[in-house]
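Analysis of the macromolecular model
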Amino acid sequence: MSSAITVENLSKKYIIGHQKQERYTALRDVLANGAKRIAHKLCHPFAASEIDPTHEEFWALKGINFDIKQGDRVGVIGRNGAGKSTLLKILSRITEPTTGKIRIRGRVSSLLEVGTGFHPELTGRENVFLNGGILGMSNAEIKRKFDEIIAFAEVEKFLDTPVKRYSSGMYVRLAFAVAAHLEPEILVVDEVLAVGDAQFQKKCLGKMEDVGKEGRTILFVSHNMVAVKTLCSRGIVLNKGQVVFQGGVEDAVEQYVGQDSLDKNEIYWDTISIAPENEYIRLKSISIKALQGSIIDIESGIDITIGFYNKTAGRHLGLALHLFTLEGLCLFTTGIFLSSNSEAEIGVFSTRCVIPPHLLNVGVYKIDLLFIESRRDLLFKIDDVISFEVEHTAAGRGGNMARAAGVIRPMLDWTYEFSPQ
């Protein structure tokens, strides 16, 4: 079978800027420093360039090699910052690689960000034609598939409404519907499907399965291991910008789970440039500890502490925590609003919650964090921010070391009555 995508020694470098400690830099300082650099270069043309302490090289990908055959359905998995999205952007020709070669055979359709290629002032109908044209569909092809696209997206009632009034779920439904009906040889899908509800996610997975059965190639990035194993036949595991495994999807998920379970239970982002952040929030720390002892056991409560910096004032700021199994099953959601007067101030917050004893079963779990405003607007979402393992020591449950059936194992109150015959 011929290759659809061949990647050889692919690397991508970014330059990270570090803020200086001065409160501000005046225009005269910028001009003076620029003049000094020019003068130094003229006087010493062959001298090595000075290293700028305010900038740092960061390799998002380093020496990536793989070959994907036509018709393969490949899951790309790894922790946050592993390089998954960077890889897909390079394969979709959105970002240029620093070094390496890529050979792609066939038309590529990408769904990397919600509503990419949509114009907010145009209606849903107009954006179907606009986005379809950007993705390479002819006008006749769009007209032929228009009814099917709209039916799949389930936005018939809002077809002639500007998309700026769409919810994020409506956005992603319409964006996915257009991309999926392009009939590309290669379909590239990032974790944007997390925006949709469970029913729509199932619908999207069914559509991608149909695409794969037609012999087309799929690259799928997801933190949902159930979805990866359902859809994909092969897996590529990335860690810190490098391929650490490629092969069968079951083995790839096992590799990812093993890598994940070894992660430490405390993370501190002392360097601003690498901390997860956006214009509203910057994460500072997260830790998972047992309330009693040093081992997180089924009988110990679990202390979760999260520190973050709030960048903007005047918001009714809330924090939600989603707890998942490594297979992607959400066990529960919990959260807190962080201001007594409904307006959180700028500064550092430290939040804490406790998972009670005798609730979680033996296994590895991961956490997503969501920062929200007034229970409606999502300000910042960090997937798979940390993982932890719940163990079962011999002291618990009468020394029975077997894993109980089920995802949770609560210790409930039981009573009984007995009457002799």
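Look a little higher up for the structure.
Parameters at a glance
Residues numbered from 1 in each chain as written. Predicted model: local features only at pLDDT ≥ 70, side-chain atom pairs only at ≥ 80, totals over all residues. Heavy atoms only, no water. Axes fitted to C-alpha atoms, helices over the stretch in contact; angles between N-to-C directions. Helix = DSSP H or I, 4+ residues; strand = E, 2+ residues; numbered from the N terminus. Left-handed = near helix turned anticlockwise from the far one by under 90°. Contact = heavy atoms within 4.5 Å. Nonpolar A, V, L, I, M, F, W, Y, C, P; charged D, E, K, R; others polar. Buried < 20%, exposed > 50% of the residue type's maximum accessible area, 1.4 Å probe, protein only. Arc of directions from axis to C-beta.

Here the focus is the packing of helix H4 (residues 139-153) against helix H5 (residues 168-180). In the contact formed by H4 and H5, the axes pass within 8 Å of each other and the chain directions differ by 145°. Taken as a pair, H4 and H5 cross one another with a handedness that is right-handed. Residues Ile-149, Ile-150, Phe-152 and Ala-153 of H4 form the contact with H5, whose own contacting residues are Arg-173, Leu-174, Phe-176, Ala-177 and Val-178. Tallied by class, residues from the contact of H4 with H5 come to eight nonpolar, no polar and one charged.

Mapped onto the fold, Ile-134 is located in helix H3 (residues 124-134). Classification of Ile-134 by relative accessible area gives exposed; the value is 54%. Spatially, the C-alpha atoms of Ile-134 and Phe-118 are 9.7 Å apart, while their sequence positions differ by 16 residues.

The next subject is H3. Within H3, burial applies to Gly-124, Asn-127, Val-128, Asn-131 and Gly-132. The buried residues of H3 all sit within an arc of 130° when viewed along its axis, so they share a single face. Against H4 and H5 lie the buried residues of H3. Remark: Gly-136 follows H3 within two positions and exhibits a positive phi of approximately 105°.

Here we come to unusual backbone geometry. Excluding glycine, a negative phi dihedral is what most residues carry, and trans is how most peptide bonds are arranged. For Arg-93, which is not glycine, the phi dihedral falls at a positive 65°. Relative to the elements of secondary structure, Arg-93 occurs in the loop between helix H2 (84-91) and strand E4 (99-104). On the accessibility criterion, Arg-93 (59% relative accessible area) is exposed. Although it is not a glycine, His-358 adopts a positive phi angle of roughly 55°. Take His-358: it is sitting in the loop between strand E15 (347-355) and strand E16 (363-373).

Without other data, these values stay purely geometric and don't point to any function.
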